[in-house]
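# Structure assessment
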Amino acid sequence: MLDNIDVKPFVPQEEDLADTLRDPQKLTPRRIMEALGKYIVGQKDAKKKVAIALRNRYRRSCLPDDLRDEVIPKNILMIGPTGVGKTEIARRLAKLAGAPFMKVEATKYTEVGYVGRDVESMVRDLTEIGIRMVQVEKIKSVDDKAADQAVERIVNALRPRPETPAANPFQMIFGSLTGAGAQQPAIDDTEESEEDEQQAHDQDMRERQELRQRIASGEMDGIFVELEVEENSNMDTVNVFSPVGMEEMGIDFQSILGNFFPKKHVRRNMKIGDARKMLQGEEARKLIDREDVKKEAVHLVEQNGIIFIDEMDKIAGREKGHGPDVSREGVQRDILPIVEGSTVITKYGPVRTDHILFIAAGAFNVSKPSDLIPELQGRFPIRVELDSLSRDDFVKILTEPKNALTRQYRALLGADGVKVEFDQSGIDEIASLAQVVNESTENIGARRLHTVMEKLLEDLSFDAPESGQKEVRIDKDYVIEKLKDVVENQDLSRYIL
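Residues numbered from 1 in each chain as written. Predicted model: local features only at pLDDT ≥ 70, side-chain atom pairs only at ≥ 80, totals over all residues. Heavy atoms only, no water.

## Some points on the nonpolar core
The criterion, for reference: Nine residue types can take part in a nonpolar core, namely buried Ala, Val, Leu, Ile, Met, Phe, Trp, Tyr and Cys, and a core is a set of them joined through side-chain atoms within 4.5 Å. Working definition: with a 1.4 Å probe on protein chains only, accessible area under 20% of the residue-type maximum means buried, over 50% means exposed, and in between means partly exposed.
Counting residues in hydrophobic clusters, the biggest one holds 58 residues, and the most contacted among them are M78, I359, M453, L456 and I474. In terms of nonpolar packing, the next biggest core, distinct from the first, is built from 45 residues, M102, V301, I309 and L376 among them.

## Digging into the packing of helix α16 (residues 405–414) against helix α18 (residues 447–456)
The condition that has to hold: Axes here mean lines fitted to C-alpha atoms, for a helix over just the part in contact, with angles spanning 0 to 180 degrees between N-to-C directions. Numbering goes from the N terminus for both helices and strands, where a helix is a DSSP run of H or I of at least four residues and a strand is a run of E of at least two. Handedness of a crossing is defined here by the sense of rotation of the near helix relative to the far one, left-handed for an anticlockwise turn of less than a right angle and right-handed for a clockwise turn. Between two residues, a contact is recorded if the distance between any of their heavy atoms is within 4.5 Å. Each residue receives one of three labels: charged for Asp, Glu, Lys and Arg, nonpolar for Ala, Val, Leu, Ile, Met, Phe, Trp, Tyr, Cys and Pro, and polar for the others, Gly being one of them.
Axis separation between α16 and α18 bottoms out at 11 Å; the angle between their running directions is 35°. Judged by the sense of rotation from one axis to the other, the crossing of α16 with α18 is right-handed. Contacts from L405, T406 and Y409 of α16 reach α18 at L449, H450, M453 and E454. Here the residues of the contact of α16 with α18 sort into four nonpolar, two polar and one charged.

## Digging into the layout of surface pockets
Where we set the bar: Only protein atoms enter the 1 Å grid used here. Points where a 1.4 Å probe fits but cannot escape make up a cavity, open sets with protein on both sides within 12 Å along at least five of seven lines make up a pocket, and a residue lines them when an atom lies within 4 Å of a point. Grid points are joined across faces, edges and corners, and a volume is the space filled by probe spheres set on the points.
Each pocket or cavity is described by its volume, and for the second largest pocket that value is around 850 Å³. As for the second largest pocket, its lining consists of 36 residues, and the residues nearest its centre are G83, V84, G85, A446 and R447. Secondary-structure elements contributing two or more residues to the lining of the second largest pocket are α5 (86–97), β10 (357–362), α16 and α18. With four residues, the single largest contributor to the lining of the second largest pocket is α5. Grouping the amino acids of the lining of the second largest pocket by side-chain chemistry returns 15 nonpolar, eleven polar and ten charged.

## Considerations on the confidence of the model for the protein
Put simply, the rule reads: Confidence of the predictor in every single residue is expressed as pLDDT, which spans 0 to 100.
Of all residues in the protein, 77% have pLDDT values of 70 or greater, and the mean over the chain is 78. Low pLDDT, under 50, characterises residues 233–251; the stretch is placed with 38 contacts to residues that sit more than four places away or in other chains.

## Looking at α5
So the rule is basically this: To estimate how far a helix should extend, the number of its residues minus one is multiplied by 1.5 Å.
Taking 1.5 Å of rise per residue, the twelve residues of α5 would be expected to cover 16 Å, and the 17 Å separating its terminal C-alpha atoms lies within 8% of that figure. When you tally the buried positions in α5, you get ten out of twelve residues, the bulk of the element. Following α5 by one or two positions, G98 has its phi on the positive side, about 65°.

## Overview of the pattern of salt bridges
We apply this condition: The term salt bridge refers to a side-chain nitrogen of Lys or Arg lying within 4 Å of a carboxyl oxygen of Asp or Glu.
Taken as a whole and judged by the stated rule, the model has 29 salt bridges. As a salt-bridge pair, E105 and K103 come within 2.5 Å of each other at their nearest N and O atoms. A residue is classified by how much of its surface remains accessible, and E105, at 26% relative accessible area, is partly exposed. Given the relative accessible area of 31%, K103 is considered partly exposed. Note that R391 is salt-bridged to D392, the shortest N-O span being 3.4 Å. Judged by its relative accessible area of 27%, R391 falls in the partly exposed class.

## Considerations on the sheet that holds strand β1 (residues 76–79)
Within a sheet, adjacent strands bond to each other through the backbone by hydrogen bonds, running parallel or antiparallel. Let me state the cut-off plainly: Strands were regarded as paired on the criterion that DSSP finds at least two bridges between them.
Strand order in the open sheet made by the five strands is β2-β7-β10-β1-β11, with parallel pairing throughout. Each end of this open sheet is capped by a strand with a single partner; those strands are β2 (101–105) and β11 (382–385). Direction aside, the axes of adjacent strands within the sheet are offset by 20° on average. Pairing between β1 and β11: four bridges, direction parallel. Counted as the bridge partner of I76 is I382 from β11. Relative to the sheet, helix α3 (residues 44–61) contacts β1, β7 (306–310), β10 and β11, its axis offset from that of β11 by approximately 155°.

## Some remarks on the pairing of β10
With respect to burial, β10 is a largely interior element, six of its six residues being buried. Direction of pairing for β1 relative to β10: parallel, over a ladder of four bridges. In the strand pairing of β10, I76 is matched with I359. Taken together, the four bridges between β7 and β10 define a ladder with parallel strand orientation. If you follow I306 over to β10, its bridge partner there is L357.

## Describing the side chain of T346
Filter applied, for reference: Side-chain atoms alone can form a polar contact between residues adjacent in sequence; in general such a contact is a pair of N or O atoms within 3.5 Å, and within protein one must be able to donate a hydrogen while the other accepts it.
Tracing the chain through its elements places T346 in strand β8 (residues 343–346). According to the relative accessible area criterion, T346 is buried, its value standing at 8%. Polar contacts involving the side chain of T346 include one to the main-chain carbonyl oxygen of G349, which spans 2.7 Å. Once residues within four sequence positions are removed from consideration, T346 is found in contact with R124, T127 and V351.

## Observations concerning helix α17 (residues 424–440)
Spanning 17 residues, α17 covers 24 Å between terminal C-alpha atoms, matching the ideal 24 Å at 1.5 Å per step. Buried within α17 we find G426, I427, E429, I430, A431, L433, A434, V437 and N438.

Dropping the structure here:
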């Protein structure tokens, strides 16, 4: 199954300060908060608590073996309305730590006995992410060698080595008995033949080396070559019935049966540039040890994995009646052993969840955390309430983060040659309108900025490629002109904003 994994998965990448946090000793809570602050506005209390939780992982790794296993992660329950940064905090935290991260919705799981995904699938999915992360790191470590081998395969396709005719053993045996072939060539002829062969060999090696350099430099990327490559197949994974319904267990026949079913190969005609990338991937997968990847990935998931369970408030509540309907309390009971610590069987081996960090989140505007079953409440000892976003927070969200919306739209419209400048008065007006709409309709937090910005720049985005307009300034008057009618008409704003 590892051969079919895409080598472009989620890989933790941060810039500037976050790059220095790769050293676990530098993962201090204060520096983690600074790195999170580059993307998340406000929510100081939440960022502080997750930073401590991440630091505790490093502290645990420094403990003796007998004590290390006794220290369990302090799971976190985030409480707050939608769009205030709950998911973003968890996602950025995982990137900083270089940890496998999985976001799931509690509402998509059903209790045992009903058709649907069982809660153990979240651990299987997290293990898949761990496999991808480890495989990418392994491939990077053999990248140079794989690239050389890929170039060599292309050289062999363009300039095949001359085949030496194999000697016939019967002719050698019977020929010597009958005296056939007893006549030996003259010594001078033999020496001359060997010298010619050596010169031809040296010439061939020089030409192959020159060809190798041209291919490696990219000079021949546009030339077509016919190669034999592995045939992609999705037949290695099969669906099987498990006691909890249809789960993709993914039986890896290639690993089980070894080379009994060798991989199929097909001949394809492609550009050398594309062939180099494809063959490099094939060669890299041959160079890495599949068992090492599995072992390291399982260890990474067990010790550093993070699972973010969203919409936890939607399964809160205890039904008093009885019937055939799927109960929310039943889903809670199924989640409980995963959070407590259990062993989940995956196609890469058993995975223990004792030290996986679980971060749950929910708005809890209808239900309360106390509506969860007591056992599950006890497994989330750290509670943090996230604040609703104000107008000033909206202004900061539009301008301060590295992925600020204003920067995104400037870059998008810049692709069509339009230079967009956001005046401070325009940013203030956008923030004010977003706050007004949140107060008059449903409060969806920072996500309201996406709807406001999209409506604001709708005409400009449509006309940009053909308008010939090179510069646009977004100020207060521009914002009012585009959005005033929609905001003032509450019935209309409910549909559009």
